[in-house]
Amino acid sequence: MKSSNVKELLSSAPKHQEVVVNGWVRTFRSNRFIALNDGSTINNIQCVVDFENFGEGLLGQITTGAALKISGTLVESQGKGQSVEIQVKDIYVHGGADPEEYPIQPKKHSLEFLREKAHLRIRTNTFAAIMRVRSALSFAIHQYFRQNNFYYFHAPIVTGSDAEGAGEMFRVTTLDGKNPPLNEEGEINYREDFFGKETNLTVSGQLEAEAYAMGLGKVYTFGPTFRAENSNTSRHLAEFWMIEPEMAFYDLDANMDLAEDFIKSVIKYILENCEEDLQFLEKRLLDEEKTKPQAERSEMALIEKLKFVSGNGFKRVTYTEAIDILRNSKPNKKKKFKYPIDEWGTDLQSEHERFLVEKHFKCPVILYDYPAKIKAFYMRLNEDGKTVRAMDILFPGIGEIVGGSQREERLDVLRDKIADLGIDEEELWWYLDLRKFGSAIHSGFGLGFERLVLFATGMGNIRDVIPFPRTPQNAEF
Ligand code: 4AD
Ligand code: MG
């Protein structure tokens, strides 16, 4: 007989029909009630068993974590809390879970403890809810771009370029670490390496996406991205997923319009399609916040916050305006910022970004027209000669969620910039070609997928919104 999933069963009319379901025991009480979950929904199905009909041996195997196949009839529930339940006729134990050893017991475990058990934490309500929302968001992202006539483009993972120029790359090599070939200068000879040159894991698919946008018009990447930044924060991963749309003939305004519409649209999607999981996550967050001082609690509950963001305009402010606001802000005057703001041209730290979003504007903010000096080489220089057409989107509780720009399409200006920064032009020969042959204005941005999932789920640490996080000193599993 074909098996059903728990979600289907919970929404079926109970007519004593025969059903089969597979799943894992969440709880087992009074030697009679099994709460079974199979990942299809946050809710469990209650299975009522009369163990007199079965041997003692079976009873002992029904413990939290055991995988079961249950056959029985779907009936109206006698108890409270659920509308249907299964009256069990037969149980097959796929695999037991020794209660002495199985770490995920039906009690509250800390998120830190569960990080050490990342292979089993998906069997908790919290992680299952997060990962269902993560999956729904991925789908919504592909759907959004498809509906807006973008092509999904696969940027290479192994590359020779450092798109962001930040040098935070993981090297890819097959050379013998103990005994690498050396060149005449006594340095490692990468000509003898697998690719005949130095290569690394990509920090961004942007440069390659630009090449494709200049032929397909509108493309986006959605793939893994690697950064060897040694920042052990709740917002950084060494391996994260990034969505990078790139559009020919878009200027910065069109780029900002797209980014805003895109984020709102995918949040709306989960509001419509992940209601139960979001309700669960909202309650989890409220419970967690009860333990915090009033000042640290969020002003809005999770779903209200998602509705607010998807239903209201993002505030657009230039870097220069933002610096003025920050310079005159209370925390700056009272020397509360770790990095005080005095001069135009300093890079903004996350404390500044969060002040702007959470205290000053109280809504998502798009900062644009940044000083050229603090941004990457490929951003288009403004007429003032000192700012570039960059934009960052800042979110409450998160800080920077998007970084993007209009790209420099003028060959001479780009060449000067590359020379100023001491980048070897030869390394970027193909990127410069794009400015030689049919160049045009174009723009794009990068959205950190895990930061979006953090925001959408109300979680506080980025390690909890990716299945198996990679951070400094941590690549277990
Ligand atoms: O601002 P970033 O560095 O921009 C770029 O890489 C551009 N090439 C994007 C583009 O224009 N196509 O990174 C973009 C976003 C950040 O805003 C942040 O959300 C996320 O990627 N991000 C990280 N997320 C998790 N862990 C990290 N270490 C991250 N570094 C960046
Ligand atoms: Mg950035």
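What counts, and at which threshold
Residues numbered from 1 in each chain as written. Chains lettered and ligands numbered in written order. Predicted model: local features only at pLDDT ≥ 70, side-chain atom pairs only at ≥ 80, totals over all residues. Heavy atoms only, no water. Buried < 20%, exposed > 50% of the residue type's maximum accessible area, 1.4 Å probe, protein only. Helix = DSSP H or I, 4+ residues; strand = E, 2+ residues; numbered from the N terminus. Arc of directions from axis to C-beta. Contact = heavy atoms within 4.5 Å. Core = buried A, V, L, I, M, F, W, Y, C linked by side-chain atoms within 4.5 Å. Domains from an automatic or database assignment. Pairing = 2+ DSSP bridges. Axes fitted to C-alpha atoms, helices over the stretch in contact; angles between N-to-C directions. Buried area = accessible area lost by both parts, 1.4 Å probe. Salt bridge = Lys/Arg side-chain N within 4 Å of Asp/Glu carboxyl O. Polar contact = N/O pair within 3.5 Å; in protein donor to acceptor, adjacent residues only side chain to side chain. Nonpolar A, V, L, I, M, F, W, Y, C, P; charged D, E, K, R; others polar. 1 Å grid on protein atoms, 1.4 Å probe; cavity = no way out; pocket = protein on both sides within 12 Å on 5 of 7 lines; lining within 4 Å. Points joined across faces, edges and corners; volume = space filled by probe spheres on them. Phe/Tyr/Trp six-rings, centres within 6.5 Å; stacked < 30°, edge-to-face > 60°. Lys NZ or Arg CZ within 6 Å of the ring centre and 35° of its normal. Parallel < 35°, antiparallel > 145°, perpendicular 65-115°, else oblique. Left-handed = near helix turned anticlockwise from the far one by under 90°.

All right, on to helix 13 (residues 429-436) then. For helix 13, the set of buried residues is Y431, L432, L434 and R435. Buried residues of helix 13, viewed axially, fall in a sector of 145 degrees; they line one side. Buried positions along helix 13 lie against helix 5 (206-216), helix 12 (411-420) and strand 16 (442-448). Backbone geometry just downstream of helix 13 places G438 in the positive-phi region, at approximately 65 degrees.

Okay, the nonpolar core next. Membership of the largest hydrophobic core comes to 67 residues, with the highest contact counts inside it found for F262, I263, I270, M391, I393 and F395. Both domains that furnish three or more residues to this core are identified here as domain 1 (6-107) and domain 2 (123-168 + 203-464).

As a further point, take the sheet that holds strand 2 (residues 33-37). Taken together, the 5 strands give a closed barrel; going around it, the order is 1-2-3-5-4, and neighbouring strands pair in mixed fashion. For this sheet the average axis-to-axis angle between neighbouring strands, irrespective of direction, equals 55 degrees. As defined by bridge partners, strand 1 (residues 17-29) adjoins strand 2 across 5 bridges and the pair is classed as antiparallel. Across the sheet, V25 pairs through a bridge with L36, a residue of strand 2.

Often the size quoted for an interface is simply the accessible area lost on bringing the parts together. Split into domains, the protein comes out as domain 1 (6-107) and domain 2 (123-168 + 203-464). Of note, the centres of domain 1 and domain 2, computed from C-alpha atoms alone, are 44 Å apart. Counting residues at the interface gives 10 residues for domain 1, matched by 8 residues for domain 2. Each partner contributes to the roughly 790 Å² buried at the junction of domain 1 and domain 2, and carbon and sulfur atoms together form 46% of this total. At the junction of domain 1 and domain 2, the tally comes to 0 salt bridges. Linking domain 1 with domain 2 are 5 residue pairs in polar contact (both at pLDDT 80 or more). For the side of domain 1 that touches domain 2, the per-class residue count stands at 4 nonpolar, 5 polar and 1 charged.

The 3 strands lie next to each other as 7-9-8, forming an open sheet whose pairing is antiparallel. With one partner strand each, in any of the chains shown, strand 7 (158-159) and strand 8 (171-172) form the two edges of the open sheet.

Inspection of the entire model under this criterion finds 1 cavity of 30 Å³ or more. What the largest cavity holds in volume is close to 30 Å³. As for the largest cavity, its lining consists of R227, E229, S231, H236, L237, A238 and P472. The class makeup of the residues in the lining of the largest cavity is 3 nonpolar, 2 polar and 2 charged.

Tallied over the full model, the rule gives 23 aromatic pairs. Aromatic side chains F194 and F195 sit 4.8 Å apart centroid to centroid with 75 degrees between the ring planes, which places their arrangement in the edge-to-face category. Consider the rings of F222 and W241, whose centres lie 6.1 Å apart with planes at 85 degrees: the pair is edge-to-face. Here W241 lies in strand 11 (residues 239-248) and F222 lies in strand 10 (residues 218-226), a separation of 19 residues in the sequence. Ring pairs connect the aromatic residues Y144, F145, F150, Y152, Y220, F262 and F445, which therefore count as one cluster. Geometry around Y431 places R435 over its ring, the cationic atom sitting 4.0 Å from the centre.

Before going further, it helps to examine the packing of helix 9 (residues 319-327) against helix 11 (residues 350-361). Where helix 9 contacts helix 11, the axes come no closer than 11 Å and their chain directions differ by 80 degrees. Between helix 9 and helix 11, the angle falls in the class roughly perpendicular. The segment helix 9 lies against helix 11, with A322, I325 and L326 engaging H352, F355, L356, H360 and F361. Looking at the contact of helix 9 with helix 11 residue by residue, the class counts come to 6 nonpolar, 2 polar and no charged.

What follows concerns the pattern of salt bridges. Counted according to the given criterion, the structure contains 25 salt bridges. Residue E450 pairs with R134 through a salt bridge whose shortest N-O separation is 2.9 Å. Taken together, the positions of E450 in helix 14 (residues 449-457) and R134 in helix 4 (residues 125-147) put the pair 316 residues apart, joining distant regions of the chain. With its nearest N and O atoms 3.6 Å apart, the salt bridge here joins D433 to K436. Here K436 and D433 lie together in helix 13, a separation of 3 residues that amounts to about one turn. By relative accessible area, which is 22% here, D433 ends up partly exposed. Taken together, the shared-partner salt bridges connect E210, E246, R407 and R435 into one network.

Quick look at the packing of helix 4 against helix 6 (residues 252-273) now. Between helix 4 and helix 6, whose axes approach to 9 Å, the crossing angle comes to 135 degrees. The orientation of helix 4 relative to helix 6 falls into the category oblique. Where helix 4 crosses over helix 6, the handedness of that crossing is right-handed. On helix 6, the residues that touch V133, A136, L137, F139, A140, I141, Q143, Y144 and F145 of helix 4 are L258, D261, F262, S265, V266, Y269 and I270. Taken together, the residues of the contact of helix 4 with helix 6 break down into 13 nonpolar, 2 polar and 1 charged.

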